[in-house]
Amino acid sequence: MPIYSATTLQQFATQLFQAAGVPSEEAAIVAASLVEANLRGHDSHGVMRIRDYVRQLRIGELVPGVELAVRSETAAMLAADAQFGFGQVQARRLIMRLMDKAGSLGIASGTLMRCGHIGRLGEWVELAAEAGFAALVAVNDNGSLRVVAPPGGTEPQISTNPLAIGVPTTDGPLVLDISTSAVANGKIRLALAEGVPCPDGWLLDGAGDPTNDPEVRRADPPGTIQPLGGAQAGYKGFGLGLMLDILIGGLSGGFCPPQEDADSCNNVLAIVWQPQQFKGTEHFLAQADQLIASIRNSRRKVNVERIRLPGDRSREVREQRLRDGIPFDDGNWQRLVKTATELDVALPTTP
């Protein structure tokens, strides 16, 4: 199993993007975002995506070096066309613009249409929370990807439509980053690449029965990813995904399913709040800290060492991987090796 340091991996990823024709500054930004996902244990949103991004660059589904094209703007909102630019670049631009607006108005909302895959959603709300803002970001797949069936149905109708919320606390950002499905589609792809079964509760086959085989996503009829809540409460996850799909597609100018010949891209909805303009930052932080402390100090089940909150696991994984390196299974590493060979980029020689 190859293991590389974050620094080595980031240099390698940057070189791959540069060899694919991406300007140096953008290549470094995207590489850093992907490696950060790996550091936090979100390998499905990490450098395994590079091969897909390079393919999209070749066929024009990703366009390097484009600006954020404003379609409509007021003091409190911004609707923009990402022009198929890298999501990691355009999402950052959107959040920075919204923070500027919310800083004086208290709240701002914005959308992106025709945006490349924006990666780990938590990165963008964390960016806002680190600056003292609260933020929400949600994404759909422009009607091009349908992988989740409604409860009781067997035909995929919507995508995984993830949602992230970040808030500032005295101890730093608290970030929730979830799919409205039981699991992100990237984790199914990761399992396919690794050649391993999926855990219980992730997948249904074409007849709507539970399965652990990631190959069902390629079957005819295709299997589906279960909505968040699974067999007991999947209507909640599916309902949330449905409403987000409509909000994102409808407000951004992009599309919801079903959409024939839809471009493969993300559409993005973001909202940023400045607590100081409401009751005040001091009150916000006091309430956040009070609730977090109460939860962490609450009674625990036998053999439970501590209560965990969103982001705890990713921070622990990040510390461990910064120390010990980022591991790769052979399947996903060989995808990177193949891409490097095609682009004539030397493989890393040091861990």
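One can find the structure itself at the top, above this paragraph.
Rules used throughout
- Residues numbered from 1 in each chain as written.
- Predicted model: local features only at pLDDT ≥ 70, side-chain atom pairs only at ≥ 80, totals over all residues.
- Heavy atoms only, no water.
- Helix = DSSP H or I, 4+ residues; strand = E, 2+ residues; numbered from the N terminus.
- Rg over C-alpha atoms; globule rule 2.2 N^0.38 Å.
- Buried < 20%, exposed > 50% of the residue type's maximum accessible area, 1.4 Å probe, protein only.
- Contact = heavy atoms within 4.5 Å.
- Areas by Shrake-Rupley, 256 points an atom, 1.4 Å probe, with all protein chains shown as cover.
- Lys, Arg positive; Asp, Glu negative; His and termini not counted.
- Charge placed at Lys NZ, Arg CZ, Asp CG, Glu CD.
- Pairing = 2+ DSSP bridges.
- Phe/Tyr/Trp six-rings, centres within 6.5 Å; stacked < 30°, edge-to-face > 60°.
- Polar contact = N/O pair within 3.5 Å; in protein donor to acceptor, adjacent residues only side chain to side chain.
- Axes fitted to C-alpha atoms, helices over the stretch in contact; angles between N-to-C directions.
- Expected span 1.5 Å × (residues − 1).

Asker: Can you help me understand the overall build of the chain in this one?
Answerer: The secondary structure content of the chain amounts to ten helices and twelve strands. Expected size for 351 residues packed as a compact globule is a radius of gyration near 20 Å; at 20 Å, the chain falls within 12% of this value. In terms of its C-alpha atoms, the chain occupies a principal-axis envelope of roughly 55 × 45 × 45 Å. Burial analysis of the chain (351 residues in total) assigns 49% to the buried set. Across the chain, the fraction of contacts at a sequence separation of at least 24, relative to all contacts at a separation of at least 6, is 67%. Counting only carbon and sulfur atoms, one obtains 53% of the accessible surface of the chain, whose full area is about 16,400 Å². With 32 positive and 39 negative side-chain charges, the chain shows a separation of 4 Å between the mean positions of the two kinds.

Asker: So what exactly am I meant to see when it comes to the pairing of strand β7 (residues 174-178) here?
Answerer: Each regular strand carries side chains that alternate between the two faces of the sheet. Pairing of strand β6 (residues 163-167) with β7, which is carried by five bridges, proceeds in the antiparallel orientation. Bridge pairing in β7 places alanine 164 opposite aspartate 177.

Asker: What's the story with the packing of aromatic side chains in this structure? I'm lost.
Answerer: Aromatic rings considered in pairs are described by the distance between their centres and by the relative angle of their planes. Applying the stated rule across the entire model yields six aromatic pairs. Between the aromatic rings of phenylalanine 17 and phenylalanine 86, the centroid separation amounts to 5.8 Å while the plane-to-plane angle is 80°, which identifies the pairing as edge-to-face. Highlighted residues: phenylalanine 17 in helix α1 (residues 6-19) and phenylalanine 86 in the loop between β3 (77-81) and α4 (87-105), separated in sequence by 69 residues. Like phenylalanine 17, the residue phenylalanine 86 is buried in the burial classification. Each ring, one from phenylalanine 328 and one from tryptophan 333, has its centre 5.4 Å from the other, and the planes form 50°; the classification is tilted. Take phenylalanine 328 and tryptophan 333: they sit in the same class, and that class is buried.

Asker: What is the right way to read the side chain of asparagine 332 from this model?
Answerer: Its place among the elements puts asparagine 332 in helix α10 (residues 330-343). Taking the relative accessible area as the measure of exposure, asparagine 332 reaches 3% and is therefore buried. A distance of 2.9 Å separates the side chain of asparagine 332 from the side chain of aspartate 329, its partner in a polar contact. Those residues in contact with asparagine 332 that sit more than four places away from it in its chain are Met48, Leu190, Ala193 and Glu194.

Asker: Looking at this structure, how should I read unusual backbone geometry?
Answerer: A negative phi holds for most residues other than glycine; trans holds for most peptide bonds. Residue proline 221 follows aspartate 220 across a cis peptide bond; omega there is 0°. Examined against the element boundaries, proline 221 turns out to sit in the loop between β9 (210-211) and β10 (224-225). Residue proline 258 follows proline 257 across a cis peptide bond; omega there is -10°.

Asker: Explain the sheet that holds β7 here, please?
Answerer: Each strand in a sheet pairs with another by means of backbone hydrogen bonds, the pair being arranged parallel or else antiparallel. Judged by pairing direction, the sheet is mixed, and its seven strands sit side by side in the order β2-β3-β4-β11-β5-β6-β7 without closing on themselves. Of all the strands in the sheet, the pair left with one neighbour each is β2 (69-73) and β7. Between one strand axis and the next, the sheet turns by 15° as a mean value, whatever way the strands run.

Asker: Teacher, can you tell me more about α4 here?
Answerer: An α-helical turn contains 3.6 residues, so a residue and the one three or four places further along point in the same direction. Along its 19 residues, α4 runs 26 Å from first to last C-alpha, staying within 8% of the 27 Å computed at 1.5 Å per residue. Every buried residue of α4 is accounted for by Gly87, Gln88, Val89, Gln90, Ala91, Leu94, Ile95, Leu98, Met99, Lys101 and Ala102. Downstream of α4 by a residue or two, glycine 106 has a phi angle that is positive, lying close to 95°.

Asker: Explain the sheet that holds β10 here, please?
Answerer: The sheet built from three strands is open, its strands ordered β9-β8-β10 with antiparallel pairing. The open sheet has two edge strands, β9 and β10, and neither has a second partner.

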